[in-house]
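Read off the chains here:
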Amino acid sequence: MAEAFDPRFGEAWTPSQCMGMIALPGVWSSIAWSGAQPAGFALARTAADEAELLLLAIRPAMRRRGIGTALLRSIVADSRERGASVLHLEVRANNDAVRLYRAEGFDKIGERREYYRGKEGKLFDAHTFSLKIG
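Keep in mind that what you see is a predicted model, and the values were worked out from it rather than measured.

**Student:** So, the overall build of the protein: which residues are in play, and what are the values?
**Tutor:** Looking only at helices and strands, the protein has 3 helices and 6 strands in total. By the compact-globule yardstick of 14 Å for 134 residues, the protein fits well, its C-alpha radius of gyration being 14 Å. Dimensions of the protein, computed from the C-alpha atoms along their principal axes, are close to 40 × 40 × 30 Å. Buried positions account for 41% of the 134 residues belonging to the protein. Surface summary for the protein: the accessible area is close to 7,800 Å², and the carbon and sulfur share equals 51%. Of note, the protein has its 19 positive side-chain charges centred 4 Å away from the centre of its 16 negative side-chain charges.

**Student:** Help me get a handle on unusual backbone geometry, residues and values and all.
**Tutor:** One non-glycine residue, Ala-48, lies in positive phi territory at about 55°. Inspection of the secondary structure assignment puts Ala-48 in the loop between strand 2 (37-47) and strand 3 (50-58). Residue classification places Ala-48 among the exposed residues on the basis of a relative accessible area of 75%. Of note, the phi angle at Glu-114 is positive, near 50°, even though the residue is not glycine. You can call Glu-114 exposed: its relative accessible area is 52%.

**Student:** Describe the layout of surface pockets, naming the residues involved and giving the relevant values.
**Tutor:** Here the largest pocket defines a volume of roughly 1,000 Å³. Elements represented by at least two residues in the lining of the largest pocket include exactly strand 3, helix 2 (67-81), strand 4 (86-92), helix 3 (97-103) and strand 5 (107-117). Taken together, the residues of the lining of the largest pocket break down into 20 nonpolar, 8 polar and 13 charged.

**Student:** Report on helix 2, specifying residues and quantitative values.
**Tutor:** Between its terminal C-alpha atoms helix 2 stretches 21 Å, which fits the 21 Å expected from 15 residues at 1.5 Å a residue. Within two residues after helix 2, Gly-83 carries a phi angle of roughly 95°, on the positive side.

**Student:** A description of the nonpolar core should follow, citing residues and the corresponding values.
**Tutor:** In terms of nonpolar packing, the biggest core is built from 26 residues, with Leu-53, Leu-56, Ile-75, Leu-87, Leu-89, Tyr-101 and Phe-106 touching the most fellow members. Of all the elements in the fold, those that place two or more residues in this core are strand 1 (27-34), strand 2, strand 3, helix 2, strand 4, helix 3 and strand 6 (123-132). Of all the elements, helix 2 adds the most residues to this core, at 5 residues. Excluding its chain neighbours within four sequence positions, the residues that come into contact with Tyr-101 are Leu-53, Leu-56, Leu-72, Leu-89, Val-91 and Phe-106. In this structure, Ala-4, Cys-18, Val-27 and Leu-43 belong to the second largest nonpolar core, which totals 10 residues.

**Student:** Now, about the sheet that holds strand 6: what can you tell me, with residues and values included?
**Tutor:** Spatially, 1-2-3-4-6-5 is the arrangement adopted by the 6 strands of the open sheet, whose pairing is mixed. Edge positions in the sheet fall to strand 1 and strand 5, since each of these pairs with one other strand and no more. Ignoring which end each strand starts from, the neighbouring axes of this sheet average 25° apart.

**Student:** Describe the packing of aromatic side chains, listing the residues and the values that go with them.
**Tutor:** The description of an aromatic ring pair uses the distance of the two centres, along with the angle that the planes make with each other. As enumerated under the stated definition, the model contains 3 aromatic pairs in all. With centroids separated by 5.0 Å and ring planes inclined at 75°, the aromatic side chains of Phe-9 and Phe-124 adopt a geometry described as edge-to-face. With Phe-9 in the segment before helix 1 (15-22) and Phe-124 in strand 6, this residue pair connects regions lying 115 residues apart in the sequence. The buried category is assigned to Phe-9, whose relative accessible area is 13%. Residue Phe-124 is classed as buried on the basis of its relative accessible area, which comes to 10%. Ring geometry for Tyr-115 versus Tyr-116: centroids 5.1 Å apart, planes at 80°, classification edge-to-face. When the ring centre of Trp-28 is taken as reference, the NZ or CZ atom of Arg-82 above it lies at 3.9 Å. Here the guanidinium or amino end of Arg-92 rests over the ring plane of Phe-9, the centre of that ring lying 3.5 Å away.

Criteria and cut-off values
Residues numbered from 1 in each chain as written. Predicted model: local features only at pLDDT ≥ 70, side-chain atom pairs only at ≥ 80, totals over all residues. Heavy atoms only, no water. Helix = DSSP H or I, 4+ residues; strand = E, 2+ residues; numbered from the N terminus. Rg over C-alpha atoms; globule rule 2.2 N^0.38 Å. Buried < 20%, exposed > 50% of the residue type's maximum accessible area, 1.4 Å probe, protein only. Areas by Shrake-Rupley, 256 points an atom, 1.4 Å probe, with all protein chains shown as cover. Lys, Arg positive; Asp, Glu negative; His and termini not counted. Charge placed at Lys NZ, Arg CZ, Asp CG, Glu CD. 1 Å grid on protein atoms, 1.4 Å probe; cavity = no way out; pocket = protein on both sides within 12 Å on 5 of 7 lines; lining within 4 Å. Points joined across faces, edges and corners; volume = space filled by probe spheres on them. Nonpolar A, V, L, I, M, F, W, Y, C, P; charged D, E, K, R; others polar. Expected span 1.5 Å × (residues − 1). Core = buried A, V, L, I, M, F, W, Y, C linked by side-chain atoms within 4.5 Å. Contact = heavy atoms within 4.5 Å. Pairing = 2+ DSSP bridges. Axes fitted to C-alpha atoms, helices over the stretch in contact; angles between N-to-C directions. Phe/Tyr/Trp six-rings, centres within 6.5 Å; stacked < 30°, edge-to-face > 60°. Lys NZ or Arg CZ within 6 Å of the ring centre and 35° of its normal.

Below, the structure is given as structure tokens:
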């Protein structure tokens, strides 16, 4: 988490936030490995027939190798297997990951103005995306 999320943007979760979320019903995580090293992870949840990608993080040194795409596709498949017909996510508007989500077929369905509060108090918009999967 600390490596993957730049503190300038205020997106990283604390360990207690992660532990609190993973303990809830319908929440799961996937970890991507490069050899013996964790390269990234995803955290997601399902409720009824919807799923939400909560976090997708790749170590900076491991980016641009298809790991994010593989993790995202894994979450899509897992969500479908868990009965979801749609997968939602929210991302900082100027995050490089937006290109990945669009390339994988996600459509922008909403926006939250000044949602993320960065390290120095600067505010960043969040975009909500959705993908029909079932």
